[in-house]
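# Observations on the three-dimensional arrangement
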Amino acid sequence: DLRRPRGTADLGTFCTSLMLAIPSLCTGNSPPPLPKWTLHWSDEFDSLNSSVWSIADNFTHGDYSAEACAANPRCELELYTRSSVYVSNGTLVLRTRHEPATVRAYGASGRNYTSGWIESSAVGSPNSPHPAKAGFSQAFGRFEIRAKLPSGDAFPQIWPALWMMPDRDKTDPVNECWPAAGEIDIMEMWGSRGKPKNAVSCTYHWTNSSKRCGHGNDLASGHLGSFPPLGSDPIDWSLDYHTWALDWDATAMIFTVDNQLIGSTNATVVQPWPSTPFHFIFDTAICGAGFCRVKGAVLPTNDTFFYIDYVRAYTRVSGAPTLAAELAARRGPG
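All of the points below concern the structure found in this document. (Residues numbered from 1 in each chain as written. Predicted model: local features only at pLDDT ≥ 70, side-chain atom pairs only at ≥ 80, totals over all residues. Heavy atoms only, no water.)

## Brief notes about the nonpolar core
The biggest cluster of nonpolar side chains holds 48 residues, and the ones touching the most others in it are Ile-184, Trp-244, Phe-280, Phe-282 and Ile-308. When neighbours within four sequence positions are excluded, Phe-282 is seen to be in contact with Trp-53, Leu-92, Leu-94, Gly-116, Trp-117, Ile-118, Ile-145, Ala-161, Leu-162, Ile-308 and Val-311. Among the nonpolar cores identified, the runner-up in size contains eleven residues, and Tyr-80, Ala-161, Trp-163 and Met-165 belong to it. (Core = buried A, V, L, I, M, F, W, Y, C linked by side-chain atoms within 4.5 Å. Buried < 20%, exposed > 50% of the residue type's maximum accessible area, 1.4 Å probe, protein only. Contact = heavy atoms within 4.5 Å.)

## Thoughts on the packing of aromatic side chains
One pass over the structure, following the stated rule, counts 20 aromatic pairs. Each ring, one from Trp-41 and one from Phe-136, has its centre 4.0 Å from the other, and the planes form 10°; the classification is stacked. Here Phe-136 lies in the loop between β7 (117–119) and β8 (137–138) and Trp-41 lies in strand β1 (residues 37–43), a separation of 95 residues in the sequence. Both residues of the pair, Trp-41 and Phe-136, belong to the buried class. With a centroid separation of 5.3 Å and an interplanar angle of 85°, the aromatic rings of Phe-140 and Trp-248 are classed as edge-to-face. One end of the pair, Phe-140, is in the loop between β8 and β9 (141–148); the other, Trp-248, is in strand β14 (residues 242–248), with 108 residues separating them in the sequence. Three or more aromatic residues link up through ring pairs in this structure, and these residues are Trp-41, Phe-45, Trp-53, Phe-136, Phe-140, Phe-143, Trp-248, Phe-278, Phe-280 and Phe-282. In this structure, Arg-312 packs its charged tip against the face of Tyr-310, placed 3.5 Å from the ring centre. (Phe/Tyr/Trp six-rings, centres within 6.5 Å; stacked < 30°, edge-to-face > 60°. Helix = DSSP H or I, 4+ residues; strand = E, 2+ residues; numbered from the N terminus. Lys NZ or Arg CZ within 6 Å of the ring centre and 35° of its normal.)

## As for the state of the cysteines
Counted according to the given criterion, the structure contains one disulfide. Put simply, Cys-177 and Cys-213 are joined by a disulfide, and their sulfur atoms are 1.9 Å apart. Residues Cys-177 and Cys-213 are joined through a disulfide that is left-handed, its torsion about the S-S bond being -95°. Note that Cys-177 is positioned in the loop between β10 (158–166) and β11 (183–189) and Cys-213 in the loop between β12 (200–205) and β13 (225–227), a separation of 36 residues in sequence. Take Cys-213: its relative accessible area is 40%, and that puts it in the partly exposed class. (Disulfide = S-S within 2.5 Å.)

## Brief notes about unusual backbone geometry
Note that the residue after Trp-178, namely Pro-179, is joined by a cis bond; omega there is 5°. Secondary-structure assignment places Pro-179 in the loop between β10 and β11. In this chain, Gln-271 is followed by Pro-272 through a cis amide linkage whose omega measures 5°. Positive phi, normally seen in glycine, also occurs at Phe-45, with a value near 60°. In this fold, Phe-45 is placed in the loop between β1 and β2 (54–55).

See the structure below:
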């Protein structure tokens, strides 16, 4: 079993302080209590719940042909396949594998790797359709994922992500396009290209343009923040599990890793502010061009893994201060 026992503390989490005072609160399989939050839903991945999760199969996250890769700044080199996602020893595993023959058997060209994509959407998307199911989505709350990332040192162009998209049947109007409907990137790592190397980042994609759709109308203007900060020593996220979280209410979003701030935004900056339910997407892409290509990189042929221990969703306790107020307190005077 590759995980630490559930309930033990990651660096900087709420559990760290709770263990000092009440050790029993941070042992066993029950999530530790979090001030101002009530656990609403969780998946500890003792098995794969097919009523919630859908695995992408024969999907490339867009039409990125081999011929277009040289010019397309968002070209990706993986083909998502069903066999690349599975549960083992209470852990969700997304495997990235060099297997050109399998890719060719799917009829895909220009790629040599298979990889994993899993989502909790109830209705799927035009690019990754599946029959309607219960799924899981939520508007506002704390969304927490404990995961061990693949190594950016071993695979320089690996691109693991923990993110959320709106349920397309609940947007206004229905089936609203990207980025008008929003996209929440809780964590993404662009291989070893980050500064410092292997840095993780968070983003909220949105627009208020009348044109609504496409990258040219995205007002995200880059990441909201990265961790560790510039000038820090790099972190190898593949050596241990870490807890990534999004806190989101009607006033602000706060992104953290092990309770260390990555970035934030608020409803004064982003208008309109998202309030529709969002579902989870976990995937491992391989960057082929543009913003996360590593010049001269030799991509490995051994298997690479993205491990997810659990995912939990909380609701805000009645009477708790707004996240905008909490963010102001976290930043301090000035």
